Amino acid sequence: MTRWITPISTAIATGVGIIVLVGYFVPAAWILDLRALFLRWAVILAGLTLLVGIFNLLAVHGRKVYSLNKESWSSLALIIALVGTAGVIAWQQTHSAAALWILNWILIPAESSLMAVLAVILIYAAARLLYRRKTVFSVIFLVTVVIVLSGSVPFWGTFIPFVHDRLLGWIISVPAMAGARGLLLGMALGIIATGIRLLTGNQHPYDG
Amino acid sequence: MSRIDALGLGFILIFAGGMLIFHLLIRKWTVFSFRSITGLARLRQRVLSSIEDGKRVHISLGKHSLLSQEGAAALAGLRLADEISRLSALSDHPAHITSGDAPVSILSRDGNKAVYRNMDHEERFDPCAAYMSGVTAFSYVAGSLAEVVDPQTAVNVLLGGFGSEIGLLADAADQRQTLTTCGTSSLAGQSVLYAVADQPLLGEEIYAADAYLQPQTTQTSAALRMQDIFRWMLVVLILAGIAARFAGVL
């Protein structure tokens, strides 16, 4: 049965995609209404898939707990935390003191500590860059990082005069902006190609 | 319709028409060769050799929403994930796919299932092989790290919509000395990857990844050819604009 469902789902996805795309260019009222309706449905569906994703995550970690290996303890901790948080929020609402306590004293500190680890990793990686990739571009990258950082942060309460006033602004508005626009133009072409492949049914990631 | 809207629609229609023409040309006459991208050059061989060694490929598709502008990067990652899943489907350790966005995780599971169905081995499909490892940026990274550092993982493919948090995954993969192919659509993520990873994919290279894994696909080749043509057209237009500005025409 699934074999003949694929062309139907491709036709629906293509049709909806074309209407949404045309809605960006043709300001006819009925197309704009239809586009808004389809986008609302997409947002609702995305919300529902979050529930499916969480149940899937529970199943993955439930299996790890059941397999009794060295990862089982962390999987068990995840399940207890997930069920516990869901229970607290279901019982006392999202803005309750208990829910905010979980957010402020567990979630935010945990994520902040990972952010701090990332900062350390980046400093270490930048220091290692010339060792692992000895190219002119690596040197330019490192010199630019040093200039931008030293121009952005005060040293003992004072900014480095020329670097902060002139050089930093020039780097951000000329070479960095040019590079970013070059990358974005290339990516925009890639996005258009991906979109066209979806709209023409060449790629259909929904046929399982 | 305003003039700029007409121009945008015309741009997309010409792009689509060009892709169709190249698709027909490639199918009839010739196979175009691709320029070398170091980050993708050894991916196919390493995926196949990891399967032979009884090891696993881990693919991570990022956390950006499919409904956002970065959704196209997740779709490019999904194409690559489908291809790697196809290559490793009948091995002892099929590919594992993690993501931080629920719709992307469902699509990756769907694609994985389709691979097994097309091979008439649907009974071997593992519903836990593709999953959402976390909802926020760092919880997703923490969940995916378990797969990245798993001793069974020989190849890590990090391709999709990541922010700067991709640095944590790329660094962990680097510490484990697995082959890592990584690319993201965000500029912050790309700058982090440039420092952390050996051969990061930059700019539009992430949208070309599946073509390097399966070079005989004519649709992908046609899309890449049109991207190259339009890129050169844009370069010429920008240079012409600069020249016109200098000449005082604009």
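Residues numbered from 1 in each chain as written. Chains lettered and ligands numbered in written order. Predicted model: local features only at pLDDT ≥ 70, side-chain atom pairs only at ≥ 80, totals over all residues.

Peer 1: It is not clear to me how the overall build of chain B should be interpreted in this structure. Could you clarify?
Peer 2: For chain B, the helix and strand inventory stands at ten helices and five strands. By the compact-globule yardstick of 18 Å for 250 residues, chain B fits well, its C-alpha radius of gyration being 20 Å. Viewed in the frame of its principal axes, chain B has a C-alpha envelope of about 65 × 40 × 35 Å. Across the 250 residues of chain B, 55% fall into the buried class. Within chain B, contacts between residues separated by at least 24 positions form 69% of all contacts whose residues are at least 6 apart in sequence. (Helix = DSSP H or I, 4+ residues; strand = E, 2+ residues; numbered from the N terminus. Rg over C-alpha atoms; globule rule 2.2 N^0.38 Å. Buried ≥ 20, exposed ≤ 12 C-beta atoms within 10 Å, placed from the backbone. Contact = placed C-beta atoms within 7 Å.)

Peer 1: Before we go on, may I ask you to explain helix H6 (residues 161–173) of chain A in this structure?
Peer 2: An α-helix turns once per 3.6 residues; consequently, residues spaced three or four apart project the same way. Helix length check: H6 of chain A, at 13 residues, gives a terminal C-alpha distance of 18 Å against a target of 18 Å (1.5 Å per residue), a fit within 8%. At Leu167 of chain A, H6 of chain A shows its maximal kink, close to 40°. (Expected span 1.5 Å × (residues − 1). Bend = angle between axes of the 7 residues up to and from the residue.)

Peer 1: Please clarify how the interface of chain A and chain B should be interpreted in this entry.
Peer 2: Often the size quoted for an interface is simply the accessible area lost on bringing the parts together. On the chain B side, the residues contacting the 48 residues of chain A number 57 residues. Only helix H1 (2–25), helix H2 (29–67), helix H4 (97–132) and helix H7 (175–199) of chain A provide two or more residues apiece to the side of chain A that touches chain B.

Peer 1: Can you walk me through the packing of H4 of chain A against helix H7 (residues 166–175) of chain B in this structure?
Peer 2: Two packed helices can be described by the angle between their axes and the distance between those axes. Where H4 of chain A contacts H7 of chain B, the two axes come as close as 9 Å, and the packing angle between them is 60°. Between H4 of chain A and H7 of chain B, the angle falls in the class oblique. Note that H4 of chain A runs across H7 of chain B; the crossing there is left-handed. Facing H4 of chain A, whose interface residues are Leu114, Val117, Leu118, Ile121, Leu122 and Ala125 of chain A, H7 of chain B presents Gly167, Leu168 and Asp171 of chain B. Taken together, the residues that form the contact of H4 of chain A with H7 of chain B break down as seven nonpolar, one polar and one charged. (Axes fitted to C-alpha atoms, helices over the stretch in contact; angles between N-to-C directions. Parallel < 35°, antiparallel > 145°, perpendicular 65-115°, else oblique. Left-handed = near helix turned anticlockwise from the far one by under 90°. Nonpolar A, V, L, I, M, F, W, Y, C, P; charged D, E, K, R; others polar.)

Peer 1: Even after reading the chapter, I still don't get H2 of chain A, so can you show me in this structure?
Peer 2: For H2 of chain A, built from 39 residues, the straight-helix expectation of 57 Å at 1.5 Å per residue is met to within 8% by its first-to-last C-alpha distance of 57 Å. For H2 of chain A, the secondary structure elements touched by its buried residues are helix H3 (72–92) of chain A together with helix H5 (102–118) and strand S3 (130–132) of chain B. Within two residues after H2 of chain A, Leu68 of chain A carries a phi angle of roughly 50°, on the positive side.

Peer 1: I keep staring at the sheet that holds strand S1 (residues 56–62) of chain B and nothing clicks. Help me out?
Peer 2: Across a sheet, strands are paired by hydrogen bonds formed along the backbone, either parallel or antiparallel in direction. All names here are of chain B. Strands sit in the order S3-S2-S1-S4-S5 across an open sheet of five strands; the sheet is parallel. A strand with exactly one partner marks an edge of an open sheet, and here the two such strands are S3 and strand S5 (179–184). Mean inter-strand twist for the sheet, computed between neighbouring axes without regard to direction, equals 15°. With six bridges connecting them, S1 and strand S4 (residues 153–161) associate as parallel partners. Bridge assignment links His58 to a residue of S4, and that residue is Asn156. (Pairing = 2+ DSSP bridges.)

Peer 1: Explanation requested: the domain arrangement of chain A in the structure shown.
Peer 2: Residue and element names in this part refer to chain A. Domain annotation for chain A reports domain 1 (1–69) and domain 2 (133–208). Of note, the centres of domain 1 and domain 2, computed from C-alpha atoms alone, are 32 Å apart. Taken together, the contacts link eight residues of domain 1 with six residues of domain 2. Partitioned by chemical class, the residues of the side of domain 1 that touches domain 2 number three nonpolar, five polar and no charged. (Domains from an automatic or database assignment.)

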